[in-house]
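The chain contents come next:
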Amino acid sequence: LLNVPSPCPPQVTVLYFARSAELVGLRSESVCVPQRITSLQLWEEIVKIHPRLAVIRDQVVFAVRQEYVLLGDQLLVLQTGDEVAIIPPISGG
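Residues numbered from 1 in each chain as written. Predicted model: local features only at pLDDT ≥ 70, side-chain atom pairs only at ≥ 80, totals over all residues. Heavy atoms only, no water.

Undergrad: Explain the overall build of the protein to me, using residue names and the numbers behind them.
TA: On a plain count of helices and strands, the protein comes out with two helices and seven strands. Moving toward the C terminus, one meets the helices and strands of the protein in the order β-α-β-β-α-β-β-β-β. Residues classed as buried in the protein amount to 37% of the 93 residues present. Within the protein, contacts between residues separated by at least 24 positions form 57% of all contacts whose residues are at least 6 apart in sequence. A total of about 6,000 Å² of accessible surface is found on the protein, and carbon and sulfur atoms cover 53% of it. (Helix = DSSP H or I, 4+ residues; strand = E, 2+ residues; numbered from the N terminus. Buried < 20%, exposed > 50% of the residue type's maximum accessible area, 1.4 Å probe, protein only. Contact = heavy atoms within 4.5 Å. Areas by Shrake-Rupley, 256 points an atom, 1.4 Å probe, with all protein chains shown as cover.)

Undergrad: Can you tell me about the pairing of strand β7 (residues 83–87), naming the residues and giving the values?
TA: Where strand β1 (residues 11–16) and β7 come together, four bridges link them in parallel fashion. Within β7, the residue paired with Val-14 across the bridge is Val-84. As defined by bridge partners, strand β4 (residues 61–64) adjoins β7 across four bridges and the pair is classed as antiparallel. Looking at β7, one finds that Phe-62 is bridged to Ile-86. (Pairing = 2+ DSSP bridges.)

Undergrad: So what about the side chain of Ser-20? Which residues, and what values?
TA: On the secondary structure map, Ser-20 appears in helix α1 (residues 18–24). When its relative accessible area of 0% is taken as the criterion, Ser-20 is described as buried.

Undergrad: Break down helix α2 (residues 39–49) for me, citing the residues and quoting the values.
TA: Three or more residues of α2 are buried, namely Ser-39, Leu-42, Trp-43, Ile-46 and Val-47. Buried residues of α2 fall within an arc of 140° about the axis and therefore sit on the same side. Buried residues along α2 sit in contact with β1, β3 (36–38), β4, β5 (67–69), β6 (75–77) and β7. (Arc of directions from axis to C-beta.)

Below, the structure is given as structure tokens:
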């Protein structure tokens, strides 16, 4: 693969909450992602950056532009500046 410097496609802000923030060690960051991507592919892109997130995969919900999205083949069309929140389950106790 040639690393051609290309303008970053949409650059979204990923917000980490609760357990995801603990795993990543960040509250938010900017990530370059394809404009058209499924929610599952988006999760995989984020896990490439932060492999430790893989442990919460089965429990995670995304919120994209403040709408809940389950991981799966739902197509997202992202714009630069969109916010993607990673919301793990809030565990009781």
